[in-house]
Amino acid sequence: LLKIRKLKSKIVMFSNYFKIAFRNIRRQKLYTIINITGLAIGMACSLLILLFAYEELTVDNFHENVDRIYRVYSGLVESENELWTALTPMPLANDLVNEPEVSDAACMAVGDRISIRYRNQWTTAEPMIYTSSSFFNIFSFTFIQGKRSKALLDPNSMVLTDKLAKKIFKQENPIGKTLHVKNIGNLTVTGIIKEQRNTHIRLGVILPFNLYREDPRYESWQRYNYFTYVRLKKNAEPETLNRKLVEYQKKIYGLGARGQYLLQPVTDIWLHSNLAYDFLTAPYGINVIYNVTALAAIILITACMNYMNLATAQSENRIEEVGLRKVMGAGRRQIVLQFLGEAILLCCMALILSIILTEIFLPGFNDLVEIKEINLFESKNISIITVFLLVAAFTGIISGSYPAFFVSAFQPAAIIRRQMITGKKGTVLRKFLLIMQFAIAIILIISTLTFNGQLKYMLTKDLGYHPENLLFVPMSVKVRQVYDSIKENLLQHTGISHVTASLNLPTWRGPSSQLGQWDGNTAGKTIRMYHGSVDHDFIDAFQMQIIQGTDFSKKSAPDAPSGLIVNEEAVRQMELEEPIGKRLTMW
């Protein structure tokens, strides 16, 4: 009975604490709204940023045995130049699978967008990759329909993401259905995988590698156009395979010991990779994630400082309340629990509001970052919410500590006689918090102005051509054969001023070629140069400026010498004072 009475008294005591807390909230509405809203907005901003950072840091972590999955990359040494590239020859994967350390190996080629027809309805799909069935042994993409082991065994099969399958088939069962893929033929759907955004490999359509016939030389050891992935066996040492990979360079004619292959952990690709021709990496590095994480911490600390400062200032208005409660018999411990409970309650209310704000702004935030679709209540994000629960509790304890321990220490007689001093400790604390808030705010304002200037520079920088009103249409082989006729018809349209063609766009990031022979290259220098073929009016259509020499001619005599146009950087790299008339040799 004594224990029951003590328990009842504690329940009554805590219920009284909550009653007093809610009365103070109702009585001080403006203070409560300002304090809770300020902390909630700070928490929401930090939560959004941390969700983004956590999503980036966990790319590809969902794969089983991710610590045993690697990508092979290449290092080529030409004269004094080194080129580290993410691309490898196609035969490499077939040879690596025979190594005792390797469990599975797969070669992958990335294709352009394709057009798919189902029942006379065309759908444009991207991205598209070509690979082998061992690809799904390495990566743990979730199969919704179909069998993983038989997904790409049929040379005329294909695997789709669930999002693309729903777009094509609506409510129909896609397995076993036949689709016509433009420039390839009829293929049968053998598998549907869940679209996974948190990976460096963007999947839309997956086709068997036998359908990839870009060039008859694609099986050459000298053609670096493909990505190679391996999954090591349990307890296999990556360094052992790395040492063996050096020997593979001997299979490449002309390179010998001047290059090598190395293993790269798949979890390092997204944020840590700085390889040439890596089409599957993030548009930023790990330092960006560190910076935004620091920004989230600064915003959260500032919001907590603002809350603590307001709570500390408000506590001085409750000194008479503390004196009266002590006269009525309340002990210091009870007063400390009261103030700490109120502070933690307000912080928890701010946390709930911050979660609501985060859910409201997440769709717009996903549109802003574009490459991600972040969900707050995913199982992996529970740890972040738990951290914010701890932050709310910590903020409540810290902000409630001053009124709880400092104000409650005053004696009732001193409080009633108004002889106590407000206290230098509280004043110093508030001044420190205010100074820190203003300093952080000024730093953030300066940083924002700096970033804005950088973005403005990037948006207004002269690219060397004018991209406004330019439309790009990929051409198949059949279309190229009637290009002149199509061009003539398009130019008759009143809304079209120019029609031209090029092998690659100016923004193309594909492989370059080695150039070492040109007039005046007496030192034997070699450089790597991007190149492409264009229609005669390409320069005019893209509004590029000819600094020296002349543009291409529409009609030339059969015996007229061929010519080419290079940019200023090429002239600087080749160290040519008078480039006009110089001869260059490639291949």
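Each chain carries its own residue numbering, running from 1 in the written order of its sequence. Per-residue local features are limited, in this predicted model, to residues with pLDDT of at least 70; the limit for side-chain atom pairs, both in listing and counting, is 80 or more; totals at the level of whole chains, interfaces and linings are taken over all residues. To get the side-chain values, take all heavy atoms of the structure and skip hydrogens and water.

Enquirer: Explanation requested: the overall build of the chain in the structure shown.
Expert: Scanning the chain from terminus to terminus reveals 17 helices and 17 strands. Of all 587 residues assigned to the chain, the portion counted as buried reaches 42%. For the chain, long-range pairs separated by at least 24 residues make up 74% of all intrachain contacts whose partners lie at least 6 apart in sequence. Accessible area for the chain stands at about 34,300 Å²; split by element, carbon and sulfur atoms hold 58% of it. Secondary structure counts use DSSP, requiring at least four H or I residues in a row for a helix and at least two E residues in a row for a strand, with both numbered from the N terminus. Relative accessibility thresholds used throughout: buried, under 20% of the residue-type maximum; exposed, over 50%; partly exposed, between the two (1.4 Å probe, protein chains only). We call two residues in contact whenever any of their non-hydrogen atoms come within 4.5 Å of each other. Only the protein chains shown count as covering a residue, and every accessible area follows the Shrake-Rupley method with a 1.4 Å probe.

Enquirer: Can you walk me through the side chain of T131 in this structure?
Expert: Inspection of the secondary structure assignment puts T131 in strand 6 (residues 128-131). Residues within four places of T131 in sequence aside, it is in contact with A106, C107, M108, L152, I206, L207, P208 and F209.

Enquirer: What's the story with unusual backbone geometry in this structure? I'm lost.
Expert: Most peptide bonds take the trans configuration, and most residues that are not glycine carry a negative phi. For N469, which is not glycine, the phi torsion reads 65° and is therefore positive. Tracing the sequence through the fold places N469 in the loop between helix 13 (424-460) and helix 14 (477-481). Overall, the relative accessible area of 80% leaves N469 in the exposed class. For E575, which is not a glycine, the phi torsion comes out positive at approximately 60°. Here E575 lies in the loop between helix 17 (568-574) and strand 17 (584-585).

Enquirer: Explain the pattern of salt bridges here, please?
Expert: Side-chain pairs of opposite charge can arise whenever the charged atoms involved come near each other. Salt bridges are counted wherever a side-chain nitrogen of Lys or Arg sits within 4 Å of a carboxyl oxygen of Asp or Glu. Here the structure, examined in full by the defined rule, presents nine salt bridges. Residue K244 pairs with E99 through a salt bridge whose shortest N-O separation is 3.4 Å. Of this pair, K244 sits in helix 6 (residues 238-248) while E99 sits in the loop between helix 3 (91-96) and strand 3 (102-111), placing them 145 residues apart in sequence. Residue D535 is joined to K487 by a salt bridge in which the shortest nitrogen-to-oxygen separation is 2.7 Å. Within this pair, whereas D535 is found in the loop between strand 16 (527-529) and helix 16 (538-541), its partner K487 is found in helix 15 (residues 483-491), the two being separated by 48 residues in sequence. Across the pair, exposure class does not vary: D535 and K487 are buried alike.

Enquirer: In this structure, what is going on with the confidence of the model for the chain? I would like to understand it.
Expert: As a note on interpretation, predicted positions should not be read in detail where pLDDT is low. Here the chain shows a mean pLDDT of 82. Residues at 70 or above account for 84%. A residue's pLDDT is the predictor's confidence in that residue, given on a scale from 0 to 100. Here helix 12 (residues 412-416) stands out as the least confident element of the chain, with mean pLDDT 60; strand 12 (residues 227-232) is the most confident, with 95. Below pLDDT 50 for its whole length, residues 253-257 participates in five contacts with residues either more than four positions away or in separate chains.

Enquirer: Before we go on, may I ask you to explain the environment of I168 in this structure?
Expert: For I168, the position within the fold is in helix 5 (residues 162-169). Between the C-alpha atoms of I168 and I116, which are 52 residues apart in sequence, the distance is 8.7 Å. Those residues in contact with I168 that sit more than four places away from it in its chain are I116, Y118, T123, L160 and L179.

Enquirer: Is there a simple way to explain the pairing of strand 10 (residues 185-193) in this structure?
Expert: Remark: a regular strand shows side chains that alternate across the two faces of the sheet. Counted residue by residue, strand 10 has seven buried out of nine residues, so it is predominantly covered. In this description, strands pair whenever DSSP reports at least two bridges between them. Bridge count between strand 7 (residues 143-145) and strand 10: two bridges; the pairing is antiparallel. Directly across from Q145, in strand 10, lies its bridge partner I192. Relative to strand 10, strand 8 (residues 157-161) runs parallel, the two being bridged by five bridges. Paired with M158 across the two strands is V189, which belongs to strand 10. Examined bridge by bridge, strand 9 (residues 178-181) and strand 10 share four bridges and lie antiparallel to one another. When the bridges of strand 10 are listed, T178 appears paired with T188. Taking the residues between adjacent antiparallel strands as the criterion, strand 9 and strand 10 are bridged by three residues, where N183 takes a positive phi near 70°.

Enquirer: Can you help me understand the nonpolar core in this one?
Expert: Most often, soluble globular proteins keep nonpolar side chains buried together rather than apart. What we call a nonpolar core is a set of buried Ala, Val, Leu, Ile, Met, Phe, Trp, Tyr and Cys residues that are connected through their side-chain atoms within 4.5 Å. Ranked by size, the top nonpolar core spans 74 residues in total, and within it M158, L160 and V205 carry the most contacts. Ranked by residues supplied to this core, first place goes to strand 3 with six residues. Apart from the residues lying within four places of it in its own chain, the contact partners of L160 are A165, I168, F169, L179, V189, G191, I192, I193, G204 and V205. C347, I355, I374 and L376 belong to the second-largest nonpolar core, a separate cluster that totals 39 residues.

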